[in-house]
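# Examining the three-dimensional arrangement
For reference, the chains in residue letters:
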Amino acid sequence: MNEKSNKLMRPVREYLKQNWGILAALVAMCLFFSIFGSNFLTRTNIVNLLRTCATNCYLAIGVQMAIILAGIDLTGGALAALTGVVCVMTFENMGLPIWVGIIVGVLIGVIIGMANGAIITYTGIHPFVVTLAMQSICRGTAYLLANGSPVTTQNRAFGAFGTGSLGPIPLPVVYMTIFLILDFFLLNKTRTGRHIYAVGGNETSARFSGINIHKIKILVWTISGAMAGFCGVVLAARLSSGQPSTGEGYETDAIAAAVLGGTSFFGGTGSVGGLIIGVLIIGLISNGLNLMHVNSYWQYVLKGIIIIAAVYVDMLKQKRQNAAK
Amino acid sequence: MKKELLRMENIVKTFPGVRALNNAAITVHAGEVMGFMGENGAGKSTLMNVLGGVFPADSGEIYIEGQKAEIRSIHDSQSLGVAFIHQELALEPYLTIAENIFLGREMKNSLGMISKDKMAEAARPFLERVGLEVDPNEFVGRLSLGQQQMVEIAKSFSLHAKILILDEPTSSLSEKEVNILFETVEELKKQGMGIIFITHKMAEVFRLCDAVTIMRDGEYMDTLQSENCTESQLISLMVGRDLGNYYVRTFNRPGDVVLEAKHIHAGKRAVDCSFSVRSGEILGFYGLVGSGRSELMKAIMGLDPMDSGEILLNGETVRKASPMYMQERGVALVPESRKTEGLLLKNTIGFNITLPILPRFISRLRVDTDKEQQIIEEGMEALRIKAPSGRVNCSTLSGGNQQKVLLAKWLATNPSVLILDEPTRGIDVGAKAEIYTIINDLAKRGLAVILISSEMPEVMNMSDRMMIMNEGHITGELDHTEYSQELILKYAMGVANHE
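Treat the numbers as computed from the prediction; the structure is a model and nothing was measured.

The next subject is the overall build of chain A. Secondary structure assignment for chain A yields 13 helices and 4 strands. The C-alpha radius of gyration of chain A comes to 20 Å, within 12% of the 20 Å expected for a compact globule of 325 residues. Across its three principal axes, chain A shows a C-alpha extent of roughly 60 × 55 × 45 Å. Taken over 325 residues, chain A has a buried fraction of 48%.

On a plain count of helices and strands, chain B comes out with 17 helices and 22 strands. For 499 residues, the compact-globule estimate of 2.2 N^0.38 gives 23 Å, and chain B sits close to it at 25 Å. Principal-axis analysis of the C-alpha atoms places the extent of chain B at approximately 75 × 55 × 45 Å. Sorting the 499 residues of chain B into buried and exposed places 48% on the buried side.

Across the boundary between the two partners, chain A contributes 20 residues, which contact 23 residues of chain B. Residue assignment for the side of chain A that touches chain B shows that the elements contributing at least two residues are helix H7 (171-189), helix H8 (191-201), helix H9 (203-208) and helix H13 (297-324) of chain A. Residue composition of the side of chain A that touches chain B, grouped by class: 4 nonpolar, 11 polar and 5 charged.

The next point concerns helix H10 (residues 213-239) of chain A. Each turn of an α-helix holds 3.6 residues, which means side chains three or four residues apart point in the same direction. Residues and elements named next belong to chain A. Between its first and last C-alpha atoms H10 spans 39 Å; for 27 residues at 1.5 Å apiece the expected length is 39 Å, and the two agree. Judged by how many residues are buried, H10 sits mostly within the fold: 22 of 27 residues are covered. Among the residues trailing H10, serine 240 stands out with phi positive, at a value near 55°.

It is worth spelling out the domain arrangement of chain B at this point. Considered domain by domain, chain B is made up of domain 1 (4-239) and domain 2 (257-498). Residues belonging to the side of domain 1 of chain B that touches domain 2 of chain B are distributed by class as follows: 4 nonpolar, 7 polar and 3 charged.

In this section: the packing of helix H2 (residues 43-68) of chain A against helix H12 (residues 272-291) of chain A. Residue and element names in this part refer to chain A. The interhelical angle for the contact between H2 and H12, taken along N-to-C directions, is 135°, at an axis separation of 9 Å. In terms of axis orientation, H2 runs oblique to H12. Along this stretch, H2 crosses H12, giving a crossing that reads as right-handed. Between H2 and H12, the residues in contact are Asn48, Leu49, Thr52, Cys53, Asn56, Cys57, Ala60 and Gln64 and Leu275, Val279, Leu280, Ile282, Gly283, Leu284, Ser286 and Asn287, respectively. Broken down by class, the residue content of the contact of H2 with H12 amounts to 9 nonpolar, 7 polar and no charged.

Strands belonging to one sheet form pairs held by backbone hydrogen bonds; the direction of such a pair is parallel or antiparallel. Residue and element names in this part refer to chain B. Ordered in space as E16-E19-E20-E13-E21-E22, the 6 strands form an open sheet in which the pairing is mixed. Each of the sheet's edge strands pairs with one partner strand only, and the pair in question is strand E16 (331-334) and strand E22 (473-479). Across this sheet, the average inter-strand angle for adjacent strands is 15°, counted without regard to direction. Here 4 bridges tie E16 to strand E19 (residues 417-421), and the two strands are oriented parallel to one another. Residue pairing for E19: leucine 333 is matched across the bridge by isoleucine 419.

We now examine the pairing of strand E12 (residues 270-278) of chain B. All names here are of chain B. Pairing analysis gives 6 bridges linking strand E11 (residues 257-266) to E12, with the strands arranged antiparallel. Within E12, the residue paired with glutamate 260 across the bridge is serine 276. Where E11 hands over to E12, the hairpin turn is made up of 3 residues, of which glycine 267 adopts a positive phi near 55°.

Look at alanine 70 of chain A: it is not a glycine, yet its phi comes out positive at around 65°. Located in the positive-phi region is glutamate 168 of chain B, a residue other than glycine, with phi close to 40°. Accessibility expressed as a C-beta count within 10 Å gives 21 for glutamate 168 of chain B, which makes it buried.

Moving on, we come to the sheet that holds E11 of chain B. Residue and element names in this part refer to chain B. Ordered in space as E12-E11-E14-E15, the 4 strands form an open sheet in which the pairing is antiparallel. Since the sheet does not close on itself, it has two edges, and those belong to E12 and strand E15 (316-317), each with one partner. Where E11 and strand E14 (residues 308-313) come together, 5 bridges link them in antiparallel fashion. Across the sheet, residue leucine 259 finds its bridge partner in E14, namely leucine 313. The strands that helix H9 (residues 293-301) touches are E11, E12 and E14; relative to E11, the one it contacts most, it runs at about 110°.

Attention now goes to the packing of helix H4 (residues 98-123) of chain A against H10 of chain A. Helix packing geometry: the angle between the two helix axes and the distance between the axes. Residues and elements named next belong to chain A. H10 packs onto H4 with a crossing angle of 150° between their chain directions and a minimal axis gap of 6 Å. With respect to H10, the axis of H4 lies roughly antiparallel. When the axes of H4 and H10 are compared, the crossing they make is right-handed. Taken together, the residues of the contact of H4 with H10 break down into 16 nonpolar, 12 polar and 1 charged.

A word on the confidence of the model for chain B. Reading fine detail from the predicted coordinates is not recommended where pLDDT is low. Residue and element names in this part refer to chain B. Scored by pLDDT, chain B comes out at a mean of 87, with 97% of its residues at no less than 70. Taken element by element, chain B is modelled with least confidence in helix H8 (residues 231-239), mean pLDDT 80, and with most confidence in E19, mean pLDDT 95. Across the interfaces of the predicted complex, the ipTM metric reaches 0.74, alongside a pTM of 0.76.

Residues and elements named next belong to chain B. Mapped onto the secondary structure, histidine 200 falls in the loop between strand E8 (194-198) and helix H7 (202-208). Sequence separation between histidine 200 and histidine 75 is 125 residues, and the spatial gap between their C-alpha atoms is 29 Å. Once residues within four sequence positions are removed from consideration, histidine 200 is found in contact with Glu168, Leu288 and Met493.

The side chains of a regular strand alternate, residue by residue, between the two faces of the sheet. All names here are of chain B. Sheet analysis places E14 next to E15, joined by 2 bridges and oriented antiparallel. Paired with leucine 313 across the bridge in E15 is glutamate 316. Counted between consecutive antiparallel strands, the loop separating E14 from E15 contains 2 residues, among which asparagine 314 sits at a positive phi close to 50°.

Thresholds, definitions, all that
Residues numbered from 1 in each chain as written. Chains lettered and ligands numbered in written order. Predicted model: local features only at pLDDT ≥ 70, side-chain atom pairs only at ≥ 80, totals over all residues. Helix = DSSP H or I, 4+ residues; strand = E, 2+ residues; numbered from the N terminus. Rg over C-alpha atoms; globule rule 2.2 N^0.38 Å. Buried ≥ 20, exposed ≤ 12 C-beta atoms within 10 Å, placed from the backbone. Contact = placed C-beta atoms within 7 Å. Nonpolar A, V, L, I, M, F, W, Y, C, P; charged D, E, K, R; others polar. Expected span 1.5 Å × (residues − 1). Domains from an automatic or database assignment. Axes fitted to C-alpha atoms, helices over the stretch in contact; angles between N-to-C directions. Parallel < 35°, antiparallel > 145°, perpendicular 65-115°, else oblique. Left-handed = near helix turned anticlockwise from the far one by under 90°. Pairing = 2+ DSSP bridges. pLDDT = per-residue confidence, 0-100.

Structure representation (structure tokens):
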């Protein structure tokens, strides 16, 4: 009996032990905004908050995986713009069904992600450089395809893909939940998940252990690309247009969410549980500051500070671990 | 009698768990080249690191030109006139020769900016002294290794060095470069410098050194004048120790050949190497550091590229070796470095042990945690890993326990061939004894074990047969009935052929 409750309680205890710092920050922020911001604790606002979180979360899932591999993915925002444009063009300009558009959008993400992964593993160029360059390529292609202006659509059904809801829950939040569950299973319950942690923690050791490092790397950047692709499709659906200028700075939010959630830039660590808190905190910053009528440009400043602080805390943690050795 | 430049006496240095130096000593006179010899781990580098200020000794005295000296840092050592040229050169490849020589002491012009011309001018006489006829404004990265070494020596002149430590300076030089180096050393000797020349090569000792100091197991053994000593005298001083009796070895009748390697070539690190190992047998691989033992095994495992050669597993040719392929067919390599190649230190014992065998308890989206726990517990128990549970992070374990985790990880794959690369490096005596027992048991169970070690007594006591390597070649093969330390060391130093 005791044994069983122990088995159930252990993950909860571990989770609290790992994340108590940012959990406390999350709770404090909620308290702060519910006292000083008007209408924070209303249903509309909570739904709004979650909707903001959702788009960031798609990207953050991929970016976190790249960071666990001791890499990074900066392609996200620009890739989302590209897939949004391509998706809308598929059914608006080419007259194909909507579902084809959605699939093509995600597929573009998969292809670009795979290209990222292949270049990174086969050339050995640093992921930062590869994905930064790919960001530029995606952004440029999006503008070229769309001829510099948004590609709009009147299609209701497509709009519903981004604005509809399941009961009280907006569809993007439903997608987010599904992806988080899949992410959790991938990282915790599969061989591939363990291999991702192993490659990120110590590539040489992983190679000695008989892990196919190339495969893992390509897979991770492909997933990240697919998530960005999906993000772009949802954004386009919500705006009823594929906009080549959309998604500017989205990768910053995704990186911020991942590092806040305890994902170490040294690689090898990072949990889905932590990521969720990170995504919520980033969402709260925009949402709460808006409610308090703070100039929205402050959000950029604040997020930048948060990234530096979170990474510094992680470095201190690493140092303490090394000292314990 | 020449003037005494350096005298180190009674130097003691302890690292956690190991007494690296005990009564170490060396004396060097002006105009003398002092050879410095000893087996791997005898404490040569440790003593030189004390002299070079890399870390301080626990106790002992150092006299420089008769004056008692205190060396606490690299800076102390440099200002006392000691220059330590490491085996791995430490120059900046993207700076010029002159910039390297004056790194940290750059010369400025009247405007307060760095003056390349001034530095180049100042560097010239130093370069002349080492006989390096290259433009001081040339980038160091463009120089050969031998030339880079000369730059290091020139740099030591600019620091007014009187005592020069050369740590195996010829190990990566071509024959021609070696000759140039030796001429330079002769020249420096005439100029009154004292030179400590660390080497494993007998020929160099007799050609270059006036005398030889020998260390063994962290202790000073003797200093001999090279004119009136012999090779075998030196070797017996280097190896003549009591072999501990903590080795456990029961010889079995070996079974069939499990792994056979034929004419393996892998760059310079493995040249035409052939060997085979039978089940129930422990095959030792001895050689000095850098002799190519690990590289040979890595090539066989498919971790490093192999130029040519054939690998047979149970009589069948391996078409293309890769770590995955070899592992699936029961060949496991327990690598040399626990930290970089072996373990994920940030992760738990359990994560590490189960990494190569995940399919056994993870299928699709289900992790059989009971099975996982069972595998981890079995592994920990079989190897007597001392930790409260499998959830402990490997970074908190002692070296001995980390080594056991590494062994447990590879034993979990149920290998039929186990390649152990330096399985007892850097761990204490107690843990060593335990690991010997485990290795012996594995051979008894019918595994074919390859034991790579730089500790001669370890290989001698644990192996049925021994392959000895020197500079990528297998220079000797001995049956355990033929073992003698002198013979093994001769093969390892590549001198046996010349006699």
